[in-house]
Amino acid sequence: MEKFNYNPSKFIPWDVDKEVLERVRNIKREDIEKHPNPDLKIRVVPDSEVEFIWIMDMFYRIKRASDEGERVVLILPNPAHTYKKVAMLINRFKVNCKNMYIFNMDEYADQDGNIAPESYPQGFMHSMKNYFYYNIDERLRPPEDHICGPTTKNIKDYGKMIAELGGADACYSGPGLTGHLAFIEPAVKGNEFYGSLEEWKKMGPRVVTLSPFTIAQNSLHGSFGMSGDLALVPPKGATIGPAEVIGSKYRMDMQALTTDGTAVSWQRFVARLCLHGPVTPTVPTSLHQLLKTDVYMSETIAQNVEPVWDKEY
């Protein structure tokens, strides 16, 4: 039988050999937790437990710092509803958050690099304030300026702001369709993060051009109508850099995103590429392979990558 053999499209950003792509594509569920770096702990857990693990880790760190009278600095992504649950626990246990500092890992920006203000409804700071900060009892909240996000005014000093507090105590993340970490998009020519691996690892916060794949991914988010409206998603974003991830005292990467609770997911393949492919700036979340990171992967994402012939989209 004649075999149809082809190369990946040239616009795919991963600088990874076709043979490597085939290898990671064929990693089975029973092998996905295995990794040569003993500090990279990959754990496959039931889908319902990933968010629970994240909530409990955040709450544990916030409460422990409060009990011990210490500062806690967290770098957070933006799945909004999760934060309401953390706020509920804070209120239930009356945890004083006066010494809590939150840094959003990214934010949208316009075509000229102007970072979205807090008033932008789809913005991450708007979400963080409405789903987390304002849900904490007023008597327990930290000062509002402890809730930080990248802005046009602070972007050049954003990494310094984190470092001056002793670095992040924890950084939570999850890969995008490109393998991006925060809005650290693949380092290809013309991209603001372009450079060698060692140069890339030292890069800090900046405004970047979002990958077309990221725009397509985010056009399916509820805040943008879940309708593929590519033109509604802003063209640029502000983000922390690899340096802030590396500088964090603890890292958790979560790989559990599906399409509205179905088995359909753009993360199933890229999770394998990030964890078991080469460490390269063209697959940003692969950085975790060099670090001490706890990875929690849902059973749905751990499923084998294979055809489902009786399904279409």
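All values reported here derive from a predicted model rather than from experimental measurement. (Residues numbered from 1 in each chain as written. Predicted model: local features only at pLDDT ≥ 70, side-chain atom pairs only at ≥ 80, totals over all residues. Heavy atoms only, no water.)

Draft legend 1. Structural detail: the packing of aromatic side chains. Counted under the stated rule, the structure contains 14 aromatic pairs. Judged by centre distance (6.3 Å) and plane angle (90 degrees), the ring pair of Tyr-108 and Tyr-120 falls under edge-to-face. You can see Tyr-108 sitting in strand β4 (residues 106-109) and its partner Tyr-120 sitting in the loop between β4 and α4 (124-131), a full 12 residues away along the chain. On the basis of relative accessible area, Tyr-108 is assigned to the buried category, the value being 3%. With centroids separated by 5.5 Å and ring planes inclined at 65 degrees, the aromatic side chains of Tyr-133 and Tyr-134 adopt a geometry described as edge-to-face. Among the residues examined, Tyr-133 registers a relative accessible area of 5% and is labelled buried. Taken together, Tyr-108, Tyr-120, Phe-124, Phe-183 and Phe-224 form an aromatic cluster joined through their ring pairs. In this structure, Arg-61 is placed above the aromatic ring of Tyr-250, and the distance from its NZ or CZ to the ring centre is 4.0 Å. In this structure, Arg-206 is placed above the aromatic ring of Phe-193, and the distance from its NZ or CZ to the ring centre is 5.0 Å. (Phe/Tyr/Trp six-rings, centres within 6.5 Å; stacked < 30°, edge-to-face > 60°. Helix = DSSP H or I, 4+ residues; strand = E, 2+ residues; numbered from the N terminus. Buried < 20%, exposed > 50% of the residue type's maximum accessible area, 1.4 Å probe, protein only. Lys NZ or Arg CZ within 6 Å of the ring centre and 35° of its normal.)

Draft legend 2. Representation of the packing of helix α2 (residues 47-68) against helix α3 (residues 80-92) within the structure. One way to put it is that α2 packs onto α3 with a least axis distance of 10 Å and a crossing angle of 40 degrees. One element, α2, and the other, α3, form an angle in the oblique class. Pair α2 / α3 crosses with right-handed handedness. Listed contacts from α3 to Glu-51, Trp-54, Ile-55, Met-56, Met-58, Phe-59 and Ile-62 of α2 are Thr-82, Tyr-83, Lys-85, Val-86, Leu-89 and Ile-90. Classifying every residue of the contact of α2 with α3 gives 10 nonpolar, 1 polar and 2 charged. (Axes fitted to C-alpha atoms, helices over the stretch in contact; angles between N-to-C directions. Parallel < 35°, antiparallel > 145°, perpendicular 65-115°, else oblique. Left-handed = near helix turned anticlockwise from the far one by under 90°. Contact = heavy atoms within 4.5 Å. Nonpolar A, V, L, I, M, F, W, Y, C, P; charged D, E, K, R; others polar.)

Draft legend 3. Broad picture of the side chain of Gln-267. The residue Gln-267 is located in helix α9 (residues 267-276) in this model. By relative accessible area, Gln-267 is classed as buried at 0%. Within the local environment of Gln-267, its side chain forms a polar contact with the backbone nitrogen of Leu-257, the two atoms lying 2.9 Å apart. Apart from the residues within four sequence positions on either side, Gln-267 is in contact with Gly-174, Pro-175, Met-254, Gln-255, Ala-256, Leu-257 and Ile-301. (Polar contact = N/O pair within 3.5 Å; in protein donor to acceptor, adjacent residues only side chain to side chain.)

Draft legend 4. Quick look at the sheet that holds strand β1 (residues 40-45). Read from one edge to the other, the open sheet built from 7 strands follows the order β1-β10-β9-β6-β2-β3-β5, with strand pairing classed as parallel. Single-partner strands in this sheet number two, and they are β1 and β5 (147-148). Strands in contact with α2 are β1, β2 (72-76), β3 (100-104), β6 (170-173), β9 (251-255) and β10 (293-298); relative to β2, the strand with the most contacts, it is inclined by about 155 degrees. (Pairing = 2+ DSSP bridges.)

Draft legend 5. A look at the environment of Leu-230. Looking at the element boundaries, Leu-230 is found in the loop between α7 (212-218) and β8 (236-239). Sequence separation between Leu-230 and Ala-216 is 14 residues, and the spatial gap between their C-alpha atoms is 6.0 Å. Not counting chain neighbours up to four residues away, the residues in contact with Leu-230 comprise Ile-215, Ala-216 and Ser-219.

Draft legend 6. Spotlight on unusual backbone geometry. Of note, Met-226 is a non-glycine position whose phi angle comes to about 55 degrees, a positive value. Following the sequence through the fold, Met-226 ends up in the loop between α7 and β8. Take Met-226: its relative accessible area is 52%, and that puts it in the exposed class. If you check the backbone angles, Asp-260 has positive phi at about 50 degrees while not being a glycine. Its location among the elements puts Asp-260 in the loop between β9 and α9.

Draft legend 7. Molecular detail of the layout of surface pockets. Volume-wise, the largest pocket comes out at about 1600 Å³. Around the largest pocket, the lining is made up of 49 residues, and of these Asn-78, Pro-79, Ala-80, His-221 and Leu-257 lie nearest the centre. The set of elements that each furnish at least two residues to the lining of the largest pocket consists of α2, α3, β4, α4 and α7. Looking at the lining of the largest pocket, the element that brings in the most residues is α2, giving 5 residues. When its residues are assigned to classes, the lining of the largest pocket shows 20 nonpolar, 25 polar and 4 charged. One number sums up the size of the second largest pocket: a volume of about 1300 Å³. Contributing to the lining of the second largest pocket are 25 residues, with Arg-25, Phe-269, Val-305, Glu-306 and Val-308 lying nearest its centre. Looking at the lining of the second largest pocket, the elements with two or more residues in it are α1 (18-25) and α9. Of all the elements, α1 adds the most residues to the lining of the second largest pocket, at 4 residues. (1 Å grid on protein atoms, 1.4 Å probe; cavity = no way out; pocket = protein on both sides within 12 Å on 5 of 7 lines; lining within 4 Å. Points joined across faces, edges and corners; volume = space filled by probe spheres on them.)

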